[in-house]
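Here is how the chains run, residue by residue.
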Amino acid sequence: MTLIAFLSVAPVIEGSMSGEVAKAVAALEEFDVSYETTPMGTIIETDDPDELFAAAQAAHQAVDADRVETFLKIDDKRTVEQEASEKVEAVEEHLGREARSDRE
């Protein structure tokens with residue numbers, strides 16, 4: 001079983017959220033998950049659903065704000081072992097190129 005999740009945890013505040021988002025990302029270190037942070041959220045991979053939910057809860061609780069919004073989307077492939085990078089590679093195979101633009 002492979003669980004691939006998208007987690008976004010953000011305080012509802014004026015100004016930069018990066019300091020609080022960093023607290024949420026740092027909280028993931030306490031769990032048996034691998035993760036990659038992107039500009040819009042964090043991709044998490046694990047084989048254990050309990051570990052995933054505990055990590056997401058810890059990330060949510062790590063944010064110190066009066067109001068916190070958390071979004072968790074899970075792809076639970078129960079009969080196939082697949083890493084997040086393989087999902088991107090499959091799209092790139094169909095595109096015939098990397099799944100990103102050359103603009104910066």
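An unreviewed UniProt entry annotates the chain as MTH1187 family thiamine-binding protein of Halapricum hydrolyticum. The UniProt entry for the chain carries the following text under Sequence similarities (unreviewed entry): "Belongs to the UPF0045 family."

Visitor: Tell me about the overall build of the chain, and name the residues and values.
Guide: Secondary structure summary: the chain contains three helices and four strands in total. Along its sequence from the N terminus, the chain presents helices and strands in the succession β-α-β-β-α-β-α. Considering only C-alpha atoms, the chain reaches an extent of 45 × 35 × 20 Å along its principal axes. Relative to its full complement of 104 residues, the chain shows a buried share of 25%. Within the chain, counting contacts between residues at least 6 apart in sequence, those at least 24 apart form 70% of the total. Just so you have it, the chain exposes about 7400 Å², and 48% of that area is on carbon and sulfur atoms. Side chains of the chain give 9 positive and 25 negative charges; the mean places of these two sets differ by 8 Å.

Visitor: Go over the side chain of Thr-46 with me, naming the residues and quoting the values.
Guide: Relative to the elements of secondary structure, Thr-46 occurs in strand β3 (residues 41-46). In terms of polar contacts, Thr-46 uses its side chain to reach the backbone carbonyl oxygen of Asp-32, at 3.2 Å. Among the polar contacts made by the side chain of Thr-46, one reaches the main-chain amide nitrogen of Asp-48 at a distance of 3.3 Å. Other than its neighbours up to four places away in sequence, Thr-46 contacts Thr-2, Leu-3, Asp-32, Val-33, Glu-51 and Leu-52.

Visitor: Residue-level account of the sheet that holds strand β1 (residues 2-11), with values.
Guide: Sheet strands pair by backbone hydrogen bonding; their relative direction is either parallel or antiparallel. The four strands are arranged β2-β3-β1-β4 in an open sheet whose pairing can be described as antiparallel. Looking at strand neighbours, the two that pair on one side only are β2 (34-38) and β4 (68-77), the edges of this open sheet. This sheet shows a mean twist of 15° between the axes of neighbouring strands, independent of strand direction. Where β2 lies against β3, five bridges are found, and the strand directions are antiparallel. The residue bridging Ser-34 from the neighbouring strand is Glu-45, located in β3.

Calculation notes
- Residues numbered from 1 in each chain as written.
- Predicted model: local features only at pLDDT ≥ 70, side-chain atom pairs only at ≥ 80, totals over all residues.
- Heavy atoms only, no water.
- UniProt positions renumbered as here; feature names shortened; annotations may be inferred.
- Helix = DSSP H or I, 4+ residues; strand = E, 2+ residues; numbered from the N terminus.
- Buried < 20%, exposed > 50% of the residue type's maximum accessible area, 1.4 Å probe, protein only.
- Contact = heavy atoms within 4.5 Å.
- Areas by Shrake-Rupley, 256 points an atom, 1.4 Å probe, with all protein chains shown as cover.
- Lys, Arg positive; Asp, Glu negative; His and termini not counted.
- Charge placed at Lys NZ, Arg CZ, Asp CG, Glu CD.
- Polar contact = N/O pair within 3.5 Å; in protein donor to acceptor, adjacent residues only side chain to side chain.
- Pairing = 2+ DSSP bridges.
- Axes fitted to C-alpha atoms, helices over the stretch in contact; angles between N-to-C directions.

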